[in-house]
Amino acid sequence: MAKILIPTALRQFTGQHDAVEVTAGTVSEALHALTEKFPDVRKNLFSDQGKLRSFVNVYVNDEDIRYLEKDATKLKGDDTLSIVPSIAGGSTSVADAEEVALSNEEVMRYSRHLILPEVGMGGQLKLKKAKIILIGAGGLGAPLGLYLAAVGVGRVGIVDFDVVDVSNLQRQVIHGTGDLGRKKLDSAADKMQDINPHLQIDKYDVALTSENALEILSDYDIVIDGTDNFPTRYLVNDACVLLKKPNIYGSIYRFEGQATVFAYEDGPCYRCLYPEPPPPGLVPSCAEGGVLGILPGMIGIIQATEAVKIILGEGTTLKGRLLLYDAMNMAFRELKLRRDTACPVCGDHPTVTKLIDYQAFCGIHPPATAAPVAASADVIDPVDVKKKLDRGDDFVLVDVREPYEDQICRIPGGKLIPLGELPKHLNELDRNAYIVAYCRSGARSHKAVNLLKQNGFKNVRNMTGGILAWSDKVDPTVPKY
Ligand code: ZN
């Protein structure tokens, strides 16, 4: 006699029996014996052609027989058959552990995983049950989104409120030229859904804030930080420590990247590594400092790999190790990280027990409360600069950008003195001259104006909006970058 365990969903067809005993020599005979006893169950198990339906998996004892001899599998005396109907991918309610199964299409899709002993059916089901939240659908989010979809993670949440800009396409490979102007959320979700229709995607069209972070992140098993600013990085860190969720960290700058896993098990958090953020402006963002297009691909894929390993419970994660990647020299190094027992968030006596104002923590003040030395009178519109040039007025135009930016575009007649070198060149400028400073967007030239005024220059103006505004208002042939 073989015993067939009936899943809850099918018990309505078996007189509410949860187990049925049948006499059979093979799995096929056992299932047919079941349908003879309970004819109503037949249409749920077999197609009209008599084939076992693709969404029904049968296990003999603990073995999934699809990888054995299928329904011709021989039965021994007291074998137990389990019928496990699959849950279609993309279901809105994530099924319980024992209810998750793969359809035949998914079995084929993940076949290269299923033959890996470290993944196998058990691991693939873990991936399908996994819920990951991705903060950002940009440079790091692009490879993360593509691969998390491809490998079969069941549910991915994405937090992003940005739109696709042409300057993103050099590295954010989840978006295409046809996506320009679309929400990154929609563009990324379409691409991921195309790669894997079984994936459930949750879209959060918001900025992650102290008000919404705990609620959004609490639904997921793993948090992946793909952001590029310090306030969000500290916010994600603190939220992960408070929620006890692993935070897979990655960061990129020019040709270098970092990756590690924070707040995982007994490991350190981001604040153990960097207790205080750098002062605003000290560490340039990718928009200011540039980034090699391939770099986020490398770091994002390392993050995705760590996520998959944590889900599978296989291998050694980057917990307690900061991986440093140098693309220019193609070198990897790693540094040991230890949890700081005095860490204000994850230490033995934490002082940060709820989320705080991370903008203020990072020294970023809203524009209204910022106290610029240069007053509003110290600015000049690009259109007025153009008039002065056309009239041949006597003034000095100082370009405080870097030489490589000057190679991209320039305003004719300007004198190139990068902001960092300006202090050394003050004596080359006439303190009584009328000076107009410009940069890319107006931020660096604002600092230049402050510096010049502090050094006794009387007539200094910041060209508002920089060469970007010049391109908009004066000369559209000047490219924006
Ligand atoms: Zn810590």
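Residues numbered from 1 in each chain as written. Predicted model: local features only at pLDDT ≥ 70, side-chain atom pairs only at ≥ 80, totals over all residues. Heavy atoms only, no water.

Next up on the list: the sheet that holds strand 17 (residues 434-438). Spatial ordering of the open sheet is given by 14-18-17-15-16, a layout of five strands whose pairing is parallel. A single partner strand is all that each edge strand has here, and the edge strands are strand 14 (379-380) and strand 16 (415-416). Against the sheet, helix 16 (residues 443-454) touches strand 17 and strand 18 (459-463), its axis set at about 170 degrees to strand 18. (Pairing = 2+ DSSP bridges. Helix = DSSP H or I, 4+ residues; strand = E, 2+ residues; numbered from the N terminus. Contact = heavy atoms within 4.5 Å. Axes fitted to C-alpha atoms, helices over the stretch in contact; angles between N-to-C directions.)

As a further point, take the coordination of the zinc ion. The coordination sphere of the zinc ion contains the protein donors Cys269 (SG), Cys272 (SG), Cys343 (SG) and Cys346 (SG), at a distance range of 2.3 Å. Around the zinc ion sit four donor atoms; with metal-centred angles ranging over 91 to 122 degrees, the donor geometry is tetrahedral. Between consecutive donor residues of the zinc ion, the sequence gaps follow C-x2-C-x70-C-x2-C. With Cys269 in the loop between strand 11 (256-262) and helix 10 (270-273) and Cys343 in the loop between strand 13 (331-336) and helix 13 (358-361), this residue pair connects regions lying 74 residues apart in the sequence. The burial state of Cys269 is the same as that of Cys343; both residues are buried. (Donors = N, O, S within 2.8 Å, 3.2 Å for Na, K, Ca; no water. Tetrahedral: all angles 85-135°; square planar, octahedral: opposite > 155°, others 65-115°. Buried < 20%, exposed > 50% of the residue type's maximum accessible area, 1.4 Å probe, protein only.)

It is worth spelling out the nonpolar core at this point. By size, the foremost hydrophobic cluster in this structure holds 44 residues, and its most contacted members are Ile132, Leu148, Val153, Val156, Ile158, Met192 and Ile224. Here the element with the most residues in this core is helix 12 (residues 295-312); it accounts for nine residues. The contacts of Val153, once residues within four sequence positions are left out, are Leu127, Ala130, Ile132, Leu148, Leu199 and Ile311. (Core = buried A, V, L, I, M, F, W, Y, C linked by side-chain atoms within 4.5 Å.)

Mapped onto the secondary structure, Asp393 falls in the loop between helix 14 (382-391) and strand 15 (396-399). Once the C-alpha coordinates of Asp393 and Tyr434 are considered, the two residues, 41 residues apart in sequence, prove to be 9.6 Å apart. Of note is the side chain of Asp393, whose polar atom sits 2.9 Å from the side chain of Arg391. (Polar contact = N/O pair within 3.5 Å; in protein donor to acceptor, adjacent residues only side chain to side chain.)

This paragraph deals with the sheet that holds strand 7 (residues 155-159). An order of 8-7-6-9-10-11-12-13 is seen for the eight strands of this open sheet, with the pairing classed as mixed. The two strands at the open ends of the sheet, each matched to only one other strand, are strand 8 (200-204) and strand 13. Pairs of neighbouring strands in the sheet enclose a mean axial angle of 15 degrees, with direction left out of account. As paired strands, strand 7 and strand 8 are joined by five bridges and run parallel to one another. Paired with Arg155 across the strands is Gln200, a residue of strand 8. Relative to the sheet, helix 6 (residues 141-151) contacts strand 6 (131-135), strand 7 and strand 9 (222-225), its axis offset from that of strand 6 by approximately 160 degrees. Where helix 12 meets the sheet, it contacts strand 6, strand 9, strand 10 (247-253), strand 11, strand 12 (321-326) and strand 13, and its direction lies at approximately 170 degrees from that of strand 10.

With four bridges joining them, strand 11 and strand 12 adopt antiparallel strand pairing. The residue of strand 12 that forms the bridge with Ala259 is Leu323. Sheet analysis places strand 12 next to strand 13, joined by six bridges and oriented antiparallel. Note that in strand 13 the partner of Asp326 across the bridge is Ala331. Count of turn residues in the strand 12/strand 13 antiparallel hairpin: four residues, of which Met330 carries a positive phi of about 45 degrees.

This brings us to the domain arrangement of the protein. Parsing the protein into structural domains produces domain 1 (2-85), domain 2 (130-361) and domain 3 (372-473). For domain 1 versus domain 2, the separation of C-alpha centres amounts to 45 Å. (Domains from an automatic or database assignment.)

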